[in-house]
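Listed below, chain by chain, are the residues.
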Amino acid sequence: MDGDGDRATQTCLKTICFQAVRRHFGVIGAKSVADLPVVLIRELLFHLSVCEVTELQPVLDLKGVSTRSFWLRVLEDVSLHHASDFATDEELRHEVLRVLFTCVFYNSSRFAFQKHISNPSTFLWTAAKYLKHFLVTFNANNPLERLVTEQRSLLARLEKHVTCVAISLSLARPEGAAKSAIYVLHRLLDHGAARRVILQVNCPVTLACLLHGEGPSASLSPSDTVRSGQGPGHGPLSKRKKVEGEGELHLAMQLLHKTLNSCAEAAGEPCPRGRLEQLEMMVCSGKTLHILNTSLPKLQHLRSLTLHSSSTFSGADVHGLSVALKHLSMSGSSSLCDLTVTGLQQPEHFYLLLDSSSELKSISVDMQPMYCSVRSVTEEIPIIDREVSLEKLSVQVARVMTDEKFIITTLKRCPRLTSLHVAGLRALVGCSHQPLLTTLSVSSSCLSHLHLEDLNLSNCLPEILQLLKHARLQELHLVDCRLLERCGNKQEFLKQLVEILRSMSSLHTLSLAHNRIAANVCVLAELFSGSSPSSVRKLDISCNFIQAADLLQFSEVLKENRPPHPLTLDLRTNPGDRDPDTWNAVLKRLRSFCTVVVGGWKSTDTMADHISNM
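Keep in mind it's a predicted model, so treat the numbers as computed, not measured.

Participant: A description of unusual backbone geometry should follow, citing residues and the corresponding values.
Facilitator: Positive phi outside glycine occurs at R482, with the angle close to 55°. Its location among the elements puts R482 in the loop between β11 (475-479) and α21 (490-502). For R482, a relative accessible area of 37% gives the class partly exposed. Here the phi dihedral of H514 falls at roughly 60°; this positive angle occurs in a residue that is not glycine. Inspection of the secondary structure puts H514 in the loop between β12 (509-511) and β13 (538-540).

Written out as structure tokens, the structure is:
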């Protein structure tokens, strides 16, 4: 009893000391705290606020003390994201700071203030030094106005460090509500370090203000025509009727120029011009797309463009975009190399975009084929028949039967392709994906990242093995590909697969998620056996209906053949709770020599029960 009492007293005293450190952290200082023994520092972290750990971070990084466990705990409280969503500890910390900063700045979460933040004002000032992502939106308390008036020093700090601005407001509002937002955007994008914009609203007025000076924005009418031989926005516009929204655009542009002039007068010199390098439009259609097309030929610093359609893009939409992209490319000073467009209706639309710019290195499209769509201006577009310099290609199809010839044709024209992602493709009746895999074997010798998802490859096992025999992949993802569905001898196929994967010295990431590997998982532990163990550092076998007994066998083989380097093992969405004692004991064994990611399964859920019986 005396021993237990002494330990309890020591624990209580230690807690009191930790709490005192938090109260007087400003006096003690980060350097003094960092001089404590590492064991004490790790315990102390969970008694400190986010602000204090943020100040400690640089010193602890120099000492090699990880704060990951602290940021993980905060992430669980403030965000729906999982730690595995972030490649590095720094990305994890930035996400926590982003979520908390937004909550505190817009006063949207008292919980965050109480549990993780001692003083909101101090937190905002400290976090602003590390913040990369800032959200511009409206709030009843109008914190943006305070940022412009009372918190100018905070705005100045944000200018130096924020690289990405998300905008979720419409500037088609009264002057009083939009004035502070326009000024903040001007400071961050023109005076500051922000080069990336995420526009979260389908508002042509907001986009026009964002792209001020980058091409004419006097019209919201998508029916405007341009003089032949000139880019969008050049030459006299044809006569048209005044359309709804032009008045709002005119007022917003007046307010914008008034704000710019006022800022320049206060500084005594012209304001700098921002260099927009990445633009993501989360909801794009009609008038907003027209505003973009008129400005696009002058966005010569733009490196990445992402357009998400609110439904699907029509042929006329894609044609207008391709014309703007061609004029940008023809300018001779285009920087655009990355294009993402969702909501394409036809393969011809994909070819049109691929052919619109010779500078493109990466293109990602989401196909949503229309069974009864009426072909418009793109009807006579031929299949691209020239070699293209594409290095990254991503094609997602909305789970309808589609002729995959357009992908095969593209692969044959991309000899420098290093990354391929194909998802959702459904072969036509009587066909399989064998031609796709065969083409990859022959035409993609430079491929280093291959991601095939939601494809039925159950009758393509020989082609898969043949493809991998000569591949030099760094990442391989065969996700939800029904690999073992028609396999007569599942273990034999997996053994052949493992043997080939072991010989791929460049492979560091392997995902076989959603393939119902189940009891056969023990074969995968042989990846690290023999004289030439696999170089895989991240193994994703999530959602494979691996039960506790299966994982036990897997761990026993893996323990005998321990990976020669740190291994991250993703076991999420597997039914470990059906035998929790065994499952937890196995996890403890695995964690002694690798990092394990778990969670996401509850056997009591209806969907979990459905998956288990598929």
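Participant: Run through the packing of helix α9 (residues 120-127) against helix α11 (residues 152-161), naming residues and quoting values.
Facilitator: It is the contact of α9 with α11, at a shortest axis distance of 9 Å, that shows an interaxial angle of 30°. When the axes of α9 and α11 are compared, the pair comes out roughly parallel. Where α9 abuts α11, its residues L124, W125 and T126 lie against S153, L154 and R157. The class makeup of the residues in the contact of α9 with α11 is 3 nonpolar, 2 polar and 1 charged.

Participant: Which residues make up helix α6 (residues 68-78), and what values do they have?
Facilitator: Turning to α6, its buried residues are F70, W71, V74, L75 and V78. Considered in projection along α6, the buried side chains sweep an arc of 135° and stay on one side of the axis.

Participant: Quick rundown of the packing of aromatic side chains? Include the residues and the values.
Facilitator: For any two aromatic rings, the description comes down to two numbers: the centre-to-centre distance and the angle of the planes. According to the stated counting rule, one finds 9 aromatic pairs in the structure shown. Ring plane angle 70° and centroid distance 6.2 Å describe the contact between F101 and F134, whose orientation is recorded as edge-to-face. Separated by 33 residues along the polypeptide, F101 in helix α7 (residues 89-105) and F134 in strand β1 (residues 133-136) bring together distant segments of the chain. Exposure remark for F134: the relative accessible area of 2% places this residue in the buried category. A centroid spacing of 5.6 Å and a plane angle of 70° characterise the contact between F105 and F134, whose relative ring orientation is edge-to-face. Pair noted here: F105 is in helix α7 and F134 is in strand β1, with a separation of 29 residues, a long-range link. Through a chain of ring-to-ring contacts, three or more aromatic side chains come together here, namely F101, F105, Y106 and F134. The lysine or arginine in question, R516, covers the ring of F545, its NZ or CZ lying 4.9 Å from the ring centre.

Participant: Give me the lowdown on α7, citing residues and values where you can.
Facilitator: Between its first and last C-alpha atoms α7 spans 24 Å; for 17 residues at 1.5 Å apiece the expected length is 24 Å, and the two agree. A large share of α7 lies buried, amounting to 13 of its 17 residues. Remark: N107 follows α7 within two positions and exhibits a positive phi of approximately 55°.

Participant: How would you sum up a nonpolar patch on the surface? Please name residues and give values.
Facilitator: On the surface, a nonpolar cluster with roughly 300 Å² of combined accessible area is contributed by M401, L428 and V429. As for its placement among the helices and strands, V429 is situated in the loop between β9 (419-423) and α19 (434-443).

Participant: Any details on the nonpolar core? Residues and values, ideally.
Facilitator: Core analysis: the largest hydrophobic core is formed by 184 residues, its most contacted members being F123 and F134. Leave out the neighbours within four places in its chain, and F123 touches V50, C51, L97, L100, F101, V104 and I117.

Participant: How would you explain the side chain of T306 if you had to name every residue and give the values?
Facilitator: Its location among the elements puts T306 in strand β5 (residues 304-309). Among residues more than four places away in sequence, those in contact with T306 are L279, E280, M281 and T340.

Participant: Provide a residue-level description of the confidence of the model for the protein, including the pertinent values.
Facilitator: When pLDDT is averaged along the protein, the result is 84; 86% of the residues meet or exceed 70. Confidence drops under a pLDDT of 50 for residues 215-244, and excluding neighbours within four residues, the segment shows 55 contacts in the predicted structure. Ignoring residues within four places in sequence, the model shows residues 371-382, a span with pLDDT below 50, making 17 contacts including any to other chains.

What counts and what doesn't
- Residues numbered from 1 in each chain as written.
- Predicted model: local features only at pLDDT ≥ 70, side-chain atom pairs only at ≥ 80, totals over all residues.
- Heavy atoms only, no water.
- Helix = DSSP H or I, 4+ residues; strand = E, 2+ residues; numbered from the N terminus.
- Buried < 20%, exposed > 50% of the residue type's maximum accessible area, 1.4 Å probe, protein only.
- Axes fitted to C-alpha atoms, helices over the stretch in contact; angles between N-to-C directions.
- Parallel < 35°, antiparallel > 145°, perpendicular 65-115°, else oblique.
- Contact = heavy atoms within 4.5 Å.
- Nonpolar A, V, L, I, M, F, W, Y, C, P; charged D, E, K, R; others polar.
- Arc of directions from axis to C-beta.
- Phe/Tyr/Trp six-rings, centres within 6.5 Å; stacked < 30°, edge-to-face > 60°.
- Lys NZ or Arg CZ within 6 Å of the ring centre and 35° of its normal.
- Expected span 1.5 Å × (residues − 1).
- Patch = residues over 30% accessible without salt bridge, like charges linked within 9 Å, V, L, I, M, F, W, Y side chains within 5 Å.
- Areas by Shrake-Rupley, 256 points an atom, 1.4 Å probe, with all protein chains shown as cover.
- Salt bridge = Lys/Arg side-chain N within 4 Å of Asp/Glu carboxyl O.
- Core = buried A, V, L, I, M, F, W, Y, C linked by side-chain atoms within 4.5 Å.
- pLDDT = per-residue confidence, 0-100.

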